[in-house]
Amino acid sequence: MASDSENNMDREIILADFQACTGIDDIAEAITLLELNNWDLVAAINGVIPQENGILQSNLSSVASQANIDGPHSQAAPAAPPAAPAASSSSSSAFCPTLPSRHIVERQPRMLNFRVEYRQRTVEVVIEEGSVVGEIKQILETELQVPVSKMQLKGWKSGDLSDSIVLQSLHLPKNNSLYVLTPDITPTASTSQNSDLQESLNQNFLLVISHREAQRDYNLNFPGSRTIQEVKRNVSDLTNIPVRHQQWEGWPASASDSMTLAASGISYPCHHLGVCRRSSPANTQEPTEECADVHMVSDSEGDDFEDASEFGVDESEMFGMGTSTGCRKAPLMPENTENEVDALLHFTAEFTTRYGECHPVFFIGTLEAASQEAFYGKPRDRKLLAIYLHNDESVLGNVFCSQMMCADSIVSYLSQNFITWAWDVTKEANKARLLTMCTRHFGSVVAQTIRTYKTDQFPLLLIVMGKRTSNEVLNVIQGNTTVDELMMRLMGAMEIFTAQQQEDIKDEDEREAREMVKREQDEAYQLSLEADRKKREAQEREQAEQLRLQQIQKEADDEKEAIRLSLEHALPPEPAEEGGEPISKLRIRTPSGEFLVRRFLGSTKLQVLFDFVASKGYPWEGFKLLTTFPRRNITQLDPASSLLEAKLFPQETLFLEAKE
């Protein structure tokens, strides 16, 4: 039993490595391919990823022995050539010489399957990976009779996509699930039921999943557009039960792994499921036609490899070192090029011509521009910089490009996590220019490191990480490696970079928080200054208004005082008590209670009396002069009449009252 457990554990590790290298997400498909190769990881990878210049092998002698079994052609083939001198003796794997790429069966285009749901219909679309999103819509337009302009294709993991996006750039698995929304088209009576399905695609389903062995329940929320296969993968992460070993209870009988939760028929909003580990993994699947399509090379390719000498091909030409002018390849980069952008455009075009469209996206621009793009954005947007250095004179160049740099898993990983910049050092002038650029951007140590590598150690892949004060070369990957080793070293560099990136993100968030607090404080301070300024201006306006009113009041008072003084000076002198003429003695009570006493001649006009009262501050325009009894208003009498005529003789008491 212990032996079986260890064997299962080893197979799980091999399965994980196989999926990481090939990018195959379908568990059943991956297991089938491994079983076809007796769980030999290297053989299975070679079967999935066609090699243009040879196949990877653990032992070169095993291929030679297999050649003796394959039939009459293999017996006529010459003995395998000795190992190339550039290959490292410490390398764990070697490369088998093969025919030039023109004698290899061309790689078939990878086909993608799409299961598209629309209302009550399901459409299966099979299309080449090199197609664009718009071509899927055109097929659906024919099948569903829905105009492309009114069609919204949903379900992409990366969000909504434009019609010009190439499917290959999305690195999709072989089988995919999508759905179509048409908000501008009102459902008819025959399709009214399907509106519920469209709504449920945007709803969240609560799955209560009971893990039998652990006796634990998981409450997981999933959107209706999530497939059952994706749910099983997530559960695998939680329970450590691989998808192929999961045994489920509670799924509807009609449900399949490719169905969305909305279309599977589960209960909304909550559905209960159970999962446990199978007693033994199912490993007796028959190879399906779909899996057979993974082998891109025909069954006769082995005979072609064995009979390479019949075509008159020199062994060195198999490694890209032939001297025949008919097979000489154009250089990846012209010598003494002055414009780096033109040089890299030439490099990319020639690389595509040699090795096909499936290769990393090379950054078109200077090394400085590539560094800026990778290192100097926001911490969340930064990436590692991968510098690929090619040398056509190296025996490993052709093999590394075709089998490593063009492997789907490597292309996908580099595209997602790296800025890839390339340079050809075959020509000494180009190599000297590269060393100058490296010295300027990374320091003399990096340039000296590149100088130490010999021609047969190329190609090189430098992994560079940007830091606050300098740029650091994390790893230098030589050409004598395998896909597995290359992927592991790239992933190791990513782990280091991710740790540093998290620190940078934390520092950036703290800095932005400090800046935000400072901005808020500055804004509050500016608002305070503005409020103080407005308050000060209001006070100044109020003071100015008070001064103006005071000035007006002062001028009015001065005018009144001048009038009073003029009236006072114009009054006739007060007569003596003992005189020949009749004397009238008047007592006038003011509003404040004081009395004004004065003698007047009986013949004095009332106007003189009014002027006297006004000279004391009580102008007759604002006050009226009244007698006590009987009450009379003297100010209404004729000012030209005398005191005698007004019967204010020989004495009288008057009082002043303000006019209303």
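Source: prediction; values computed, not measured.

### Let's talk about the confidence of the model for the protein
A residue-level look at the protein finds 80% of positions with pLDDT of 70 or above and a mean pLDDT of 78. Low pLDDT, under 50, characterises residues 51–106; the predicted model gives this stretch 93 contacts beyond four residues in sequence or across chains. For the stretch residues 281–327, pLDDT sits under 50, and the model shows 81 contacts to residues farther than four places along the chain or on other chains.

### Some words on a nonpolar patch on the surface
On the surface, a cluster of nonpolar side chains totalling about 210 Å² of accessible area is made up of Val341, Leu345 and Ile364. Along the chain, Ile364 turns up in the loop between helix 13 (340–355) and helix 14 (367–375).

### Remarks on the side chain of His245
Examined against the element boundaries, His245 turns out to sit in the loop between helix 8 (228–239) and strand 9 (246–249). Polar contacts involving the side chain of His245 include one to the side chain of Arg244, which spans 3.5 Å.

### Side note on the nonpolar core
Within the largest apolar cluster, 75 residues are counted, with the highest numbers of intra-cluster contacts made by Phe18, Phe351, Leu385, Trp421, Trp423 and Leu490. It is helix 19 (residues 483–570) that contributes the most residues to this core, seven residues altogether. Not counting residues up to four positions away in its chain, the partners in contact with Trp423 are Met333, Glu340, Ala343, Leu344, Phe347, Tyr388, Leu389, His390, Asn430, Arg433, Leu434 and Met437. One finds Phe610, Phe623, Leu643 and Leu656 within the second-largest nonpolar core, a separate group that totals 20 residues.

### Quick look at the sheet that holds strand 12 (residues 418–424)
A sheet is described by the order of its strands in space; here four strands give the open sequence 12-11-13-14, paired in mixed fashion. The open sheet has two free edges, formed respectively by strand 12 and strand 14 (471–478), since each of these has just one partner strand. Neighbour-to-neighbour, the strand axes of this sheet turn through a mean angle of 20 degrees, independent of strand direction. In terms of strand pairing, strand 11 (residues 384–390) meets strand 12 through seven bridges, oriented parallel. From the neighbouring strand, Ile387 faces strand 12, where its bridge partner is Trp421. Contacts between helix 14 and the sheet are confined to strand 11, strand 12, strand 13 (460–466) and strand 14, with strand 11 contributing the most and set at about 150 degrees to the helix. Against the sheet, helix 16 (residues 408–417) touches strand 11 and strand 12, its axis set at about 110 degrees to strand 12.

### Quick word on the packing of aromatic side chains
Tallying each qualifying case throughout the model produces 13 aromatic pairs. Taken together, a centroid distance of 5.2 Å and an interplanar angle of 80 degrees make the contact between Phe351 and Phe362 edge-to-face. With Phe351 in helix 13 and Phe362 in the loop between helix 13 and helix 14, the pair connects residues that are 11 residues apart, well separated along the chain. Residue classification places Phe362 among the buried positions, given a relative accessible area of 6%. Each ring, one from Tyr388 and one from Phe400, has its centre 6.1 Å from the other, and the planes form 5 degrees; the classification is stacked.

### Focus: the pairing of strand 12
Of all the seven residues making up strand 12, seven are buried; the element is thus mostly covered by neighbouring parts of the structure. Residues Phe418, Thr420, Ala422 and Asp424 of strand 12 are buried on one face, and the alternating residues Ile419, Trp421 and Trp423, pointing to the opposite face, are buried as well.

### Here we look at the state of the cysteines
Using the criterion set out here, one finds zero disulfides in the structure. Between Cys358, a cysteine without a disulfide, and Cys406, which holds the nearest cysteine sulfur, the sulfur-to-sulfur distance is 6.3 Å.

### Looking at the packing of helix 19 against helix 20 (residues 606–615)
Pairs of packed helices are described in terms of their axes, by the angle between the two and the distance that separates them. Packing of helix 19 against helix 20 brings their axes to within 8 Å, and their N-to-C directions diverge by 135 degrees. Classed by the angle they form, the pair helix 19 and helix 20 counts as oblique. Every pair of crossing elements has a handedness; the one defined by helix 19 and helix 20 is left-handed. From helix 19, Arg564, Leu567 and Glu568 reach across to helix 20, where they touch Asp611, Ala614 and Ser615. Counted by class, the contact of helix 19 with helix 20 contains two nonpolar, one polar and three charged residues.

### Here's the deal with the sheet that holds strand 15 (residues 583–589)
The strand order 16-15-18-17 describes an open sheet built from four strands, whose pairing is mixed. Whereas interior strands pair on both sides, the edge strands pair on one side only; in this sheet they are strand 16 (595–601) and strand 17 (623–627). For this sheet, the mean angle separating the axes of adjacent strands, direction not counted, is 30 degrees. Of the strand pairs in this sheet, strand 15 and strand 16 are connected by seven bridges, and their pairing is antiparallel. Among the inter-strand pairings, Ile588 is bridged to a residue of strand 16, identified as Leu596. Along the sheet, helix 20 makes contact with strand 15, strand 16, strand 17 and strand 18 (651–658), crossing strand 16 at roughly 150 degrees.

### Thoughts on the environment of Ser258
Locating Ser258 in the fold gives a position in the loop between strand 9 and helix 9 (261–264). When its relative accessible area of 32% is taken as the criterion, Ser258 is described as partly exposed. Sequence separation between Ser258 and Glu230 is 28 residues, and the spatial gap between their C-alpha atoms is 8.8 Å. Aside from chain neighbours lying at most four places away, what touches Ser258 is Arg115, Ser177 and Thr227.

### So, the pairing of strand 7 (residues 204–211)
For strand 7, a buried count of six out of eight residues is recorded, marking the element as mostly surrounded by other parts of the structure. Judged from the eight bridges that link them, strand 7 and strand 8 (residues 216–223) form a sheet pairing that is antiparallel. Of the residues in strand 8, the one forming a bridge with Ile209 is Tyr218. Turn length for the strand 7-strand 8 hairpin, with the two strands adjacent in sequence and antiparallel, is four residues, and the turn residue Gln215 shows positive phi of about 50 degrees.

### Quick notes on the pattern of salt bridges
Counted according to the given criterion, the structure contains 26 salt bridges. A salt bridge links Asp504 to Arg382; its shortest N-O distance comes to 3.5 Å. Note that Asp504 is positioned in helix 19 and Arg382 in the loop between helix 14 and strand 11, a separation of 122 residues in sequence. Relative accessible area serves as the criterion here: at 10%, Asp504 is assigned to the buried category.

Rules used in this analysis
Every residue gets a number counted from 1 within its own chain, in the order that chain's sequence is written. pLDDT decides what is reported in this predicted model: residues at 70 or higher carry local features, side-chain atom pairs at 80 or more are listed and counted, and totals for whole chains, interfaces and linings draw on all residues regardless. Where side-chain values are given, they derive from all heavy atoms of the structure, hydrogens and water being excluded. On a range of 0 to 100, pLDDT expresses the predictor's confidence in each residue. Whether two residues touch is decided by their heavy atoms; if any such pair falls within 4.5 Å, the residues are in contact. Here the term patch refers to residues with relative accessible area over 30% and no salt bridge, with like charges joined within 9 Å and nonpolar side chains (Val, Leu, Ile, Met, Phe, Trp, Tyr) within 5 Å. Using a 1.4 Å probe, the Shrake-Rupley method yields the accessible areas, and only the shown protein chains count as cover for residues. Should a side-chain nitrogen of Lys or Arg be within 4 Å of a carboxyl oxygen of Asp or Glu, the pair is scored as a salt bridge. Secondary structure elements follow DSSP: runs of H or I of four or more residues count as helices, runs of E of two or more count as strands, with numbering from the N terminus. Polar contacts here mean pairs of N or O atoms no more than 3.5 Å apart (in protein, one a potential hydrogen donor and the other a potential acceptor; neighbouring residues in sequence count only if both atoms are side-chain atoms). Nonpolar cores were defined as sets of buried Ala, Val, Leu, Ile, Met, Phe, Trp, Tyr and Cys residues, with membership established by side-chain atoms within 4.5 Å. Accessibility here uses a 1.4 Å probe with only protein chains present; expressed as a share of the type maximum, an area under 20% marks a residue as buried, one over 50% as exposed, and anything in between as partly exposed. Strand pairing follows a simple DSSP-based rule, namely that at least 2 bridges must link the two strands. With axes taken as lines fitted to C-alpha atoms, and helix axes fitted only over the stretch in contact, angles between N-to-C directions fall between 0 and 180 degrees. The criterion for an aromatic pair is that two Phe, Tyr or Trp rings (for Trp, the six-membered ring) have centres within 6.5 Å, with stacked assigned to planes under 30 degrees apart, edge-to-face to planes over 60 apart and tilted to the rest. Only a pair of cysteine sulfur atoms within 2.5 Å qualifies as a disulfide here. In what follows, roughly perpendicular refers to angles from 65 to 115 degrees, roughly parallel to angles under 35, roughly antiparallel to angles over 145, and oblique to any angle outside these ranges. Crossings are sorted by hand: turned counterclockwise from the far helix by less than a right angle, the near helix makes the crossing left-handed, and turned clockwise it makes it right-handed. As a working rule, the residues Ala, Val, Leu, Ile, Met, Phe, Trp, Tyr, Cys and Pro are called nonpolar, Asp, Glu, Lys and Arg charged, and the rest polar, with Gly in that last group.

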